[in-house]
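# Structural characterization, general
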Amino acid sequence: MEFGVYTLADIGKNPVNGYMPSVKERLDEVMQYGQLADEAGLQVFGVGEHHRLDYAISAVPVVLSALSQRTKSIQLMSTTTVLSTVDPVRLYEDFATLDLLSNGRAEIAAGRGAFIESFPLFGYDVDNYDALFEENLALLLKLNREERVTWSGHYRKPLQNAEIAPRASREIPIHVGVGGTPESAIRAGRYGVGLNLAILGGDPRRFKHLVDVYREALHTAGHDMNKAKITVSGHAYFAENFVQAKEEFYPHYSNYWHYVNAQRGMRYHLSKEDFDGMTAGHNALFVGSPNEIIEKILMQHEIFGHSRFMAQLDIGAVPFKQVAKSIELLGTQIMPAVNKALKE
């Protein structure tokens, strides 16, 4: 199994000491996280796209290109690109450039976006939320395969034998981010791209049907089933023991959910009792010691048969040193033990 970490570079006040980092500080942290992940032997590092003042990253390929010059072997991935509101030609050219600068390490995870601020910002109608994604995904895949493209669609002007340059060193791996809708999983299978499954809480078995319909759609469309790429991603925090992990992470996770729900006009407080339930062994939240995380990943592998695990470690203003420790534990203890168990 491949292992990685990703960040959305949210900017929030530390609930323990009240410190609010600047955008520059968060970008510097992202650079350091990527370097630490590379040094720890992890296979993937991802950054997400937002167009809001409370997030530090809107220009994902710019950030990843900077990181490509500070890392050696780790794959550099968007997690996720809001595909409905970006020109697929520009997107391909940006990531092809990243791929060349990084010696073949670029990947794209495309999603429809949990927030919709990019629609008015770039002049798109949110009523076309799904149709834009469908059309742009089809075009992106064509651009990824062909250096001269003839194409027509509904939401942008046609392309007639257009030169798409530069060309990446190979077809860039593309994944579709799925939160809970079967239609998105089926679409990923139909197009033969990877499935990036975000499991942010609850019993992971409730997501199994998404993997099932993805594999069924892959088979129906005639794609090579051996090339199916399933990623499980989620919120995570690792420490030397379970009690320490919960005590250190709880104020930050409570802070995160309070802020996210406030943005949606909801009043919500994550109680310690609810948090305890979320961190229980049968639930999806990856909080605990390496041994507990190893067991949880292996348990989920029995459900999904996934080939990649991605952890989001810095939400809710978790301090840098604690995120760095989680990255170290993931690379030095969790990853080797999981892969050893999978080989046995």
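Residues numbered from 1 in each chain as written. Predicted model: local features only at pLDDT ≥ 70, side-chain atom pairs only at ≥ 80, totals over all residues. Heavy atoms only, no water.

### Observations regarding the overall build of the protein
- Across its full length, the protein carries 11 helices and 11 strands.
- For the protein, buried positions account for 52% of its 344 residues.
- Within the protein, counting contacts between residues at least 6 apart in sequence, those at least 24 apart form 70% of the total.
- In the form shown here, the protein has an accessible surface area of approximately 15,200 Å², with 52% of it arising from carbon and sulfur atoms.
- Averaging the positions of the 34 positive and the 41 negative side-chain charges in the protein gives two centres separated by 2 Å. (Helix = DSSP H or I, 4+ residues; strand = E, 2+ residues; numbered from the N terminus. Buried < 20%, exposed > 50% of the residue type's maximum accessible area, 1.4 Å probe, protein only. Contact = heavy atoms within 4.5 Å. Areas by Shrake-Rupley, 256 points an atom, 1.4 Å probe, with all protein chains shown as cover. Lys, Arg positive; Asp, Glu negative; His and termini not counted. Charge placed at Lys NZ, Arg CZ, Asp CG, Glu CD.)

### Section: the pattern of salt bridges
- Per the counting criterion, the structure on display carries 24 salt bridges.
- Measuring nitrogen to oxygen at the nearest pair gives 3.0 Å for the salt bridge that ties Arg 308 to Glu 107. Highlighted residues: Arg 308 in strand S11 (residues 308-312) and Glu 107 in strand S4 (residues 106-111), separated in sequence by 201 residues. Accessibility classification places Arg 308 together with Glu 107 in one group, the buried group.
- The partner of Asp 212 in a salt bridge is Lys 208, and the shortest N-O contact between them spans 3.1 Å. Pair noted here: Asp 212 and Lys 208 are both in helix H7 (residues 208-220), with a separation of four residues, about one helical turn. (Salt bridge = Lys/Arg side-chain N within 4 Å of Asp/Glu carboxyl O.)

### Description of helix H2 (residues 60-68)
- Counting buried positions over the nine residues of H2 gives seven, a clear majority of the element.
- Check the buried side of H2 and you find it contacts helix H1 (23-39), strand S2 (44-47), strand S3 (75-82) and helix H3 (88-101).

### Some thoughts on helix H11 (residues 320-343)
- End to end, H11 covers 33 Å across 24 residues, agreeing with the expected 34 Å (1.5 Å per residue, within 8%).
- Maximum bend of H11: about 40°, positioned at Leu 330. (Expected span 1.5 Å × (residues − 1). Bend = angle between axes of the 7 residues up to and from the residue.)

### Examining the packing of helix H10 (residues 290-304) against H11
- Axis separation between H10 and H11 bottoms out at 10 Å; the angle between their running directions is 40°. Relative to H11, H10 is oriented oblique. Seen from above, H10 lies across H11 with right-handed handedness. Across the interface between the two elements, Pro 290, Ile 293, Ile 294, Ile 297, Leu 298 and His 301 from H10 touch Leu 329, Gln 333, Ile 334, Ala 337, Val 338, Ala 341 and Leu 342 from H11. (Axes fitted to C-alpha atoms, helices over the stretch in contact; angles between N-to-C directions. Parallel < 35°, antiparallel > 145°, perpendicular 65-115°, else oblique. Left-handed = near helix turned anticlockwise from the far one by under 90°.)

### Comments concerning the pairing of strand S1 (residues 2-7)
- With respect to burial, S1 is a largely interior element, five of its six residues being buried.
- Looking at chain direction, S1 and S11 are connected through five bridges and run parallel. From the neighbouring strand, Gly 4 faces S11, where its bridge partner is Met 310.
- Relative to S2, S1 runs parallel, the two sharing four bridges. Note that in S2 the partner of Thr 7 across the bridge is Val 47. (Pairing = 2+ DSSP bridges.)

### A look at the packing of aromatic side chains
- Counted under the stated rule, the structure contains 13 aromatic pairs.
- Relative to Trp 257, the ring of Tyr 253 has its centre 6.1 Å away and its plane inclined at 85°; by these criteria the two rings are edge-to-face. Taken together, the residues span about one helical turn, with Tyr 253 and Trp 257 both in helix H8 (residues 242-263) at a distance of four residues.
- Relative accessible area serves as the criterion here: at 0%, Tyr 253 is assigned to the buried category.
- Residue classification places Trp 257 among the buried positions, given a relative accessible area of 17%.
- Centre to centre, the rings of Tyr 256 and Trp 257 are 5.0 Å apart; their planes meet at 75°, and the pair counts as edge-to-face. The two residues Tyr 256 and Trp 257 agree in class, both being buried.
- In this structure an aromatic cluster arises from ring pairing among Tyr 237, Phe 249, Tyr 250, Tyr 253, Tyr 256, Trp 257 and Phe 275.
- For Arg 52, the ring lying beneath its charged end belongs to Phe 115, and the centroid distance is 4.4 Å. (Phe/Tyr/Trp six-rings, centres within 6.5 Å; stacked < 30°, edge-to-face > 60°. Lys NZ or Arg CZ within 6 Å of the ring centre and 35° of its normal.)

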